[in-house]
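Notes for the structure review
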Amino acid sequence: MTTAAPRPSVRSAKPGVGRRDWGHVPILAVREQGETVTYPRLLALDFDGVICDTVREGCRSAWQVCREFVPLNGDAPPPELAALFVRLRPVVEHGWEFPVLVLAILDGIPEAAIWDAFQTTCRAQVLEKYRVTPRQLAARFDAVRDRTIARSLDDWLSDQWLYPGMADRLRSILADGITTYVVTTKEGRFAHTLLATHGVTMPLERVWGKEQARPKPELLRVLARTHGVAYRDLWFVEDRLKTLQAVTREADLTDVGLYLALWGYIMPTDPDKAAADARVVPLTLERFCGDFGTWTK
Ligand SMILES: [Mg+2]
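Residues numbered from 1 in each chain as written. Predicted model: local features only at pLDDT ≥ 70, side-chain atom pairs only at ≥ 80, totals over all residues.

1. Notes on the overall build of the protein
What counts, and what does not: Helix and strand assignments follow DSSP, with helices taken as H or I runs no shorter than four residues and strands as E runs no shorter than two, numbered in order from the N terminus. To assign burial, the other C-beta atoms lying within 10 Å of each residue's own C-beta are counted, with C-beta atoms placed from the backbone; 20 or more indicates buried, 12 or fewer indicates exposed, and intermediate counts indicate partly exposed. By the convention adopted here, residues make contact when the C-beta atoms placed from their backbones lie within 7 Å.
Within the protein, the secondary structure is distributed over 12 helices and eight strands. The proportion of buried residues among the 297 residues of the protein is 38%. For the protein, contacts bridging at least 24 residues in sequence account for 67% of all contacts bridging at least 6.

Here it is, written out as structure tokens:
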């Protein structure tokens, strides 16, 4: 029978001690009970808003979806609509909601109302008005992407990019032998293509997309079980605070390291909420790109 592992003590670890010995210490060695955890053995990363800035591509693809059932001029959205979409991106939680956000903006729903009520009344109102379902919108959204990629991969890639320093950091993490997964709510193949294009080579089976169709807390369980890793050695980086909070409500996941990507699509109130949360560590991009030992509260 195993006893519960202590919570990760990385949060009180001294900065800079995380990575310097990786070349000499077998990374997969079993940790002693109570040993300081200064790097993950298993790292799970969200994609949009953590690894990749995809908001402009999302807006353009959503615009093209909307053109299929609303008369709209032009292949690309007007700059004012795109700018508003970029600002409001944090309200979107699933791919099918991208066209819903475009329709909400086109319908003249005030920005403040979208911030306050997109996930509740606003989203439902748009679906009802246009008589579409989330499933239909998701299929159209993926189809638009597939058509764009088939026509020109360069076109599709042109308005989305990995965050500064991200490609180098991911390559270094992978070279250090840390088992890394991408867990995203978009189609895994799209994320895999973007990573490969930027020189980050990951096996396709380690890029888990919406085809996995399981909530992220459950995905974390499957990951830990599959690799025989204790939860304290599993770190999860995500830009949606609600997802991290969902993990905090799962008693068995108490030891998972939870990190909020402040460079992503976060709600304006998220930094303060994360700072006040005992479990969630707010992370800047600079810290993400530095030593794991600095990922402290
Ligand atoms: Mg995200």
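Past the structure itself, the notes keep going.
2. Some details on the sheet that holds strand 8 (residues 280-283)
For clarity, the threshold we go by: Paired strands, as defined in this entry, are two strands with at least two bridges between them according to DSSP. All axes here are fitted lines through C-alpha atoms, helices being fitted over the stretch that makes contact, and every angle between N-to-C directions spans 0 to 180 degrees.
Read across the open sheet, the six strands follow the order 5-4-1-6-7-8; overall the sheet is parallel. Sheet topology places strand 5 (207-208) and strand 8 at the edges, where each strand pairs with a single neighbour. As defined by bridge partners, strand 1 (residues 42-45) adjoins strand 6 (residues 234-238) across four bridges and the pair is classed as parallel. Note that in strand 6 the partner of alanine 44 across the bridge is phenylalanine 236. Helix-sheet contacts for helix 10 (residues 241-248) involve strand 6, strand 7 (257-261) and strand 8, and the interaxial angle to strand 7 is about 170°.

3. Some points on the nonpolar core
For clarity, the cut-off: Defined on buried residues, the nonpolar core groups Ala, Val, Leu, Ile, Met, Phe, Trp, Tyr and Cys residues joined through C-beta atoms within 7 Å.
The biggest cluster of nonpolar side chains holds 48 residues, and the ones touching the most others in it are Ala44, Val182, Leu234, Phe236 and Tyr259. Other than its neighbours up to four places away in sequence, phenylalanine 236 contacts Ala44, Leu220, Val247, Val256, Gly257, Leu258 and Tyr259. Counting residues in each nonpolar core, the second largest holds 23 residues, with Cys66, Trp96, Leu103 and Ala104 among its members.

4. Observations concerning the confidence of the model for the protein
Rule in force here: The pLDDT value expresses, per residue, how confident the predictor is, ranging between 0 and 100.
Looking at the protein, the pLDDT average stands at 89 and 89% of residues meet or exceed 70. Across residues 1-29 the pLDDT falls below 50, and counting only partners more than four positions away or on other chains, this stretch makes 51 contacts in the model.

5. Re the pairing of strand 1
Burial of the side chains of strand 1 extends over both faces: Leu42 and Ala44 are buried on one face and Leu43 and Leu45 on the other. Examined bridge by bridge, strand 1 and strand 4 (residues 179-183) share four bridges and lie parallel to one another. By the bridge assignment for strand 4, leucine 45 is matched with valine 182.

6. Considerations on the environment of aspartate 107
Here aspartate 107 lies in the loop between helix 3 (97-106) and helix 4 (111-130). Separated by 19 residues in the primary sequence, aspartate 107 and valine 126 have C-alpha atoms spaced 8.7 Å apart.

7. Some words on the packing of helix 1 (residues 55-67) against helix 3
Applicable threshold: Roughly parallel means an angle under 35 degrees; roughly antiparallel, over 145; roughly perpendicular, 65 to 115; everything else is oblique. Amino acid classes used here: Ala, Val, Leu, Ile, Met, Phe, Trp, Tyr, Cys and Pro are nonpolar; Asp, Glu, Lys and Arg are charged; the rest, including Gly, are polar.
Remark: helix 1 packs on helix 3, axes separated minimally by 8 Å, with the N-to-C direction vectors making an angle of 75°. By the angle class used here, helix 1 and helix 3 are roughly perpendicular. Taken together, the residues of helix 3 that come into contact with helix 1 (itself represented by Gly58, Ser61, Ala62, Trp63, Val65 and Cys66) are Phe98, Pro99, Leu101, Val102 and Leu103. Considered class by class, the residues forming the contact of helix 1 with helix 3 number nine nonpolar, two polar and no charged.

8. Things to note about unusual backbone geometry
The general pattern is negative phi for most residues beyond glycine and trans for most peptide bonds. A positive phi angle, close to 50°, is found at arginine 131, a residue other than glycine. Within the secondary structure, arginine 131 is located in the loop between helix 4 and helix 5 (134-151). Residue arginine 131 is classed as exposed on the basis of its C-beta count, with 8 C-beta atoms lying within 10 Å.

9. Quick look at the packing of helix 1 against helix 2 (residues 79-88)
Note the threshold: In this scheme the crossing of two helices becomes right-handed for a clockwise turn of the near helix relative to the far one and left-handed for an anticlockwise turn of less than a right angle.
Taken N-terminus to C-terminus, the directions of helix 1 and helix 2 make an angle of 125°; their axes are 10 Å apart at the nearest point. Taken together, helix 1 and helix 2 sit at an angle that is classed as oblique. Crossing of helix 1 against helix 2: the hand is right-handed. From helix 1, Val55, Arg56 and Cys59 reach across to helix 2, where they touch Ala82, Phe85 and Val86.

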